[in-house]
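Spelled out, the chains give:
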Amino acid sequence: MAGEKAPAEKKPAKKKAGEKKAEQKPSQKAAGDKKKRVKKYHASRNPVLARGIGRYSRSAMYARKALYKRKYTAPETKIEKKKKEMPRATITKPVGGDKNGGSRVVKIRKMPRYYPTEDVPRKLLSHGKKPFCEHRRRLRSSITPGTVLILLTGRHRGKRVVFLKQLDTGLLLVTGPLVVNRVPLRRAHQKFVIATSTKIDLTGVKIPKHLTDSYFKKKRLRKPKHQEGEIFDTEKEKYELTEQRKADQKAVDSQILARIKKVPQLRGYLRSTFSLSNGVYPHKLVF
Amino acid sequence: VFKRFVEIGRVAFISFGPHAGKLVAIVDVIDQNRALVDGPCSGVRRQAMPFKCMQLTDFVLKFPHSARQKCVRLAWEKENINEKWSATRWAKKIEAREKKAKMTDFDRYKVMKAKKMRNRIIKHEMKKLQRMASKKGKKPETAEKPGKGKKAEKAPKAKKPEKAPKAQKAQK
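What counts and how
- Think of each chain on its own: its residues are numbered from 1, step by step along the sequence as written.
- Chain letters and ligand numbers both follow the written order, the letters beginning at A and the numbers at 1.
- In keeping with the predicted nature of the model, local features appear solely for residues at pLDDT of at least 70, side-chain atom pairs appear and are counted solely at 80 or more, and the whole-chain, interface and lining totals rest on all residues.
- With hydrogens and water stripped out, all remaining heavy atoms of the structure feed into the side-chain values.
- Starting at the N terminus, helices and strands are each numbered in turn, a helix being any DSSP run of H or I of at least four residues and a strand any DSSP run of E of at least two.
- Using a 1.4 Å probe on the protein chains alone, a residue whose accessible area is under 20% of its type maximum counts as buried, one over 50% counts as exposed, and one in between counts as partly exposed.
- Note on definitions: a residue-residue contact is assigned when non-hydrogen atoms from the two residues lie within 4.5 Å.
- Computed with the Shrake-Rupley method and a 1.4 Å probe, the accessible areas treat only the protein chains shown as cover for residues.
- Here a strand pair is declared whenever DSSP counts at least two bridges between the two strands.
- Here the quantity called buried area is the accessible surface, traced with a 1.4 Å probe, that two parts lose on coming together, added over both.
- Basic side-chain nitrogens of Lys or Arg form a salt bridge, by our definition, when they fall within 4 Å of a carboxyl oxygen of Asp or Glu.
- Each axis is a line fitted through C-alpha atoms, taken for helices only over the stretch in contact, and angles between the N-to-C directions span 0 to 180 degrees.
- Geometry of aromatic contacts follows a simple scheme: Phe, Tyr and Trp rings, the Trp one being its six-membered ring, pair when their centres are within 6.5 Å, and the pair is stacked under 30 degrees between planes, edge-to-face over 60, tilted otherwise.
- Criterion for a charge above a ring: Arg CZ or Lys NZ at most 6 Å from the ring centre, at most 35 degrees from the ring normal.
- Patch definition: residues above 30% relative accessible area lacking any salt bridge, with like charges linked at up to 9 Å and the nonpolar side chains Val, Leu, Ile, Met, Phe, Trp and Tyr linked at up to 5 Å.
- Two kinds of site are reported from a 1 Å grid over the protein atoms alone, namely cavities, where a 1.4 Å probe fits but cannot get out, and pockets, open sets with protein on both sides within 12 Å along at least five of seven lines, and residues are called lining when an atom falls within 4 Å of a point.
- Grid points are joined across faces, edges and corners, and a volume is the space filled by probe spheres set on the points.
- Polar here means any residue outside two lists: the nonpolar Ala, Val, Leu, Ile, Met, Phe, Trp, Tyr, Cys and Pro, and the charged Asp, Glu, Lys and Arg; Gly therefore counts as polar.
- Segment limits for the domains were obtained from an automatic or database-derived domain assignment.

**Q** Is there a simple way to explain the overall build of chain A in this structure?
**A** Looking only at helices and strands, chain A has nine helices and nine strands in total. Counting across all 287 residues of chain A, residues that qualify as buried make up 22%. Within chain A, contacts between residues separated by at least 24 positions form 55% of all contacts whose residues are at least 6 apart in sequence. Just so you have it, chain A exposes about 24200 Å², and 56% of that area is on carbon and sulfur atoms.

Printed below as a string of structure tokens:
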């Protein structure tokens, strides 16, 4: 009797579930629907008699859960796709010489030529060691776009310079402007810079988006075929000014110069250099 | 030899301690080292204060010894000590020192430019007068008087450059 009732209960429950799913189909889109179908779990069909002991046996449960209906096979199309998409294992390459038979079939991925005697032990998991590209970049709160910075190192040490933005690696993009103090669009390191409290209003100034770290990075040419003596010549010791740099410089500076002119004496200030003299102590100065 | 004395009503300037920089009136003397002191208009509560941290000013108020704060306040406001104090050179020097310490890099540059301009003008005038004096032989009277007069003119003429950045600072 209990058995009869149980399937009777099951069927209307299933029908209802089926109806609900049918209703859901037109209301929701296919992608979300498939996932939601699976997620409608039935409560346990095996009531608990005592802990760890269910009312029904395995075979009874098989019938109750209607597993005879639910037989899933892996979708075939994926296997077929994988069979099709196997990467090329060999390649035929032309071979020179007489009577050689023109070409050879060569493996693309070759077997290793050396196996170490001892296996390298698996490294322990480390935590918190991020590569440089994932480091968190910080910027001092005293440095905002338009701040006048004093460069402390490099060939432009002592020069006062306008801060534009912080690049992805954390370096600061900075410009003289060029006509004022001969400092081009350049990168500066945050640690080697003094931020003054003088700020220029740079609202509405658009800095071209292609000015990134890779734009400023030094280029190294290396052709391994050369001997060592020649390498010293091919590496660019001299920096060459390109037309693109000139154009970018002009584009940025023209916007900034207009704002510099509005503040009295600011241009002369940017032209001057910072230096210490007797009786001047940096820890006592207010920048 | 001594012109300022510790007396009831003497206004003193506190040089160090928690109330550094404020003015107080001496209300009573406790013993050799301490005085009962009150600064109702300068935010100093009535308290004992050692003489060492007080520096006497020129101002003396009139109230009886151990007068209560209300009396001290009345006397203070009657004499208008706050205004008189800010008009003294002492207070102005303190203010100038504070402003100089707060100068930013840009302000220092502006002051440098102003000083340079002023000195150049003065030097120019001096040289002019020297040349005149040397050319026309002995005319010491005429050379000196216009020199002094012109120096006084040049200071306000040179756009009050020192005062201008400091005035800007005050506005900030």
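**Q** Please clarify how the pairing of strand β3 (residues 34-39) of chain B should be interpreted in this entry.
**A** All names here are of chain B. Pairing of strand β2 (residues 23-29) with β3 involves four bridges; the strand directions are antiparallel. Along β3, the bridge assignment pairs Ala25 with Asp38. Relative to strand β4 (residues 44-50), β3 runs antiparallel, the two being bridged by five bridges. Of the residues in β4, the one forming a bridge with Ala35 is Met49. Between the antiparallel neighbours β3 and β4 lie four residues, among them Gly43 with a positive phi of about 75°.

**Q** What is the right way to look at the interface of chain B and chain A in this model?
**A** Buried accessible area, meaning the area lost when the parts come together, often serves as the stated size of an interface. If you look at the interface, chain B gives 10 residues, while chain A gives 16 residues. Around 930 Å² of area is buried between chain B and chain A when both sides are counted, 57% of it from carbon and sulfur atoms. Considering only the side of chain B, the residues that lose the most area to chain A are Asp105(B), Phe106(B) and Tyr109(B), jointly responsible for 61% of the buried surface there. On inspection of chain B and its partner chain A, the count reaches one salt bridge.

**Q** In this structure, what is going on with the sheet that holds strand β9 (residues 193-199) of chain A? I would like to understand it.
**A** Two pairing modes exist for strands in a sheet, parallel and antiparallel, and in both the strands are linked by backbone hydrogen bonds. Residues and elements named next belong to chain A. Ordered in space as β8-β7-β6-β5-β9, the five strands form an open sheet in which the pairing is antiparallel. With one partner strand each, in any of the chains shown, β8 (186-188) and β9 form the two edges of the open sheet. Taking the axes of each pair of neighbouring strands and ignoring which way they run, one obtains an average angle of 45° across the sheet.

**Q** Would you mind going over the sheet that holds strand β1 (residues 10-14) of chain B with me for this structure?
**A** Residue and element names in this part refer to chain B. With respect to topology, five strands assemble into an open sheet ordered β4-β3-β2-β1-β5, the strand pairing being antiparallel. A single partner strand is all that each edge strand has here, and the edge strands are β4 and β5 (54-60). In this sheet, adjacent strand axes meet at a mean angle of 40° when their direction is disregarded. Strand contacts of helix α1 (residues 69-79): β1, β2, β3 and β4, with the helix running at about 130° to β2, the strand carrying the most contacts.

**Q** Please clarify how the packing of aromatic side chains should be interpreted in this entry.
**A** The geometry of an aromatic ring pair is captured by two quantities: the separation of the ring centres and the angle between the planes. Here the structure, examined in full by the defined rule, presents seven aromatic pairs over all chains. Consider the rings of Phe13(B) and Trp85(B), whose centres lie 5.5 Å apart with planes at 25°: the pair is stacked. Placement of the pair is Phe13(B) in strand β1 and Trp85(B) in helix α2 (residues 81-87), with a sequence separation of 72 residues. We note that Phe13(B), like Trp85(B), is buried. Put simply, the rings of Tyr269(A), Phe106(B) and Tyr109(B) pair up and form one aromatic cluster. The residue whose ring lies beneath Arg137(A) is Phe132(A), and the NZ or CZ to ring-centre distance is 4.3 Å.

**Q** Explanation requested: the environment of Val179(A) in the structure shown.
**A** Residue and element names in this part refer to chain A. The residue Val179 is located in helix α5 (residues 178-181) in this model. When its relative accessible area of 56% is taken as the criterion, Val179 is described as exposed. Placed 71 residues apart in sequence, Val179 and Lys250 show a C-alpha to C-alpha distance of 9.7 Å. Those residues within four positions of Val179 in sequence are excluded, and the remaining contacts are Leu257 and Arg267.

**Q** Before we go on, may I ask you to explain a nonpolar patch on the surface in this structure?
**A** Residues and elements named next belong to chain B. On the surface, Val1, Phe2 and Phe5 cluster together to form a nonpolar patch covering roughly 440 Å² of accessible area. One can find Phe5 in the segment before β1. Relative accessible area serves as the criterion here: at 45%, Phe5 is assigned to the partly exposed category.

**Q** Please explain the layout of surface pockets as it appears in this structure.
**A** One simple way to see leftover space: roll a probe sized like a water molecule over the atoms. Considering only enclosed or pocket space, the second largest pocket measures out at about 850 Å³ in volume. For the second largest pocket, the lining is made up of 25 residues, of which Val280(A), Leu285(A), Lys100(B), Met103(B) and Arg108(B) are closest to its centre. It is helix α4 (residues 105-135) of chain B that contributes the most residues to the lining of the second largest pocket, six residues altogether. Per-class residue counts for the lining of the second largest pocket are 11 nonpolar, five polar and nine charged. Both of domain 1 (10-101) and domain 2 (104-134) of chain B provide at least three residues apiece to the lining of the second largest pocket.

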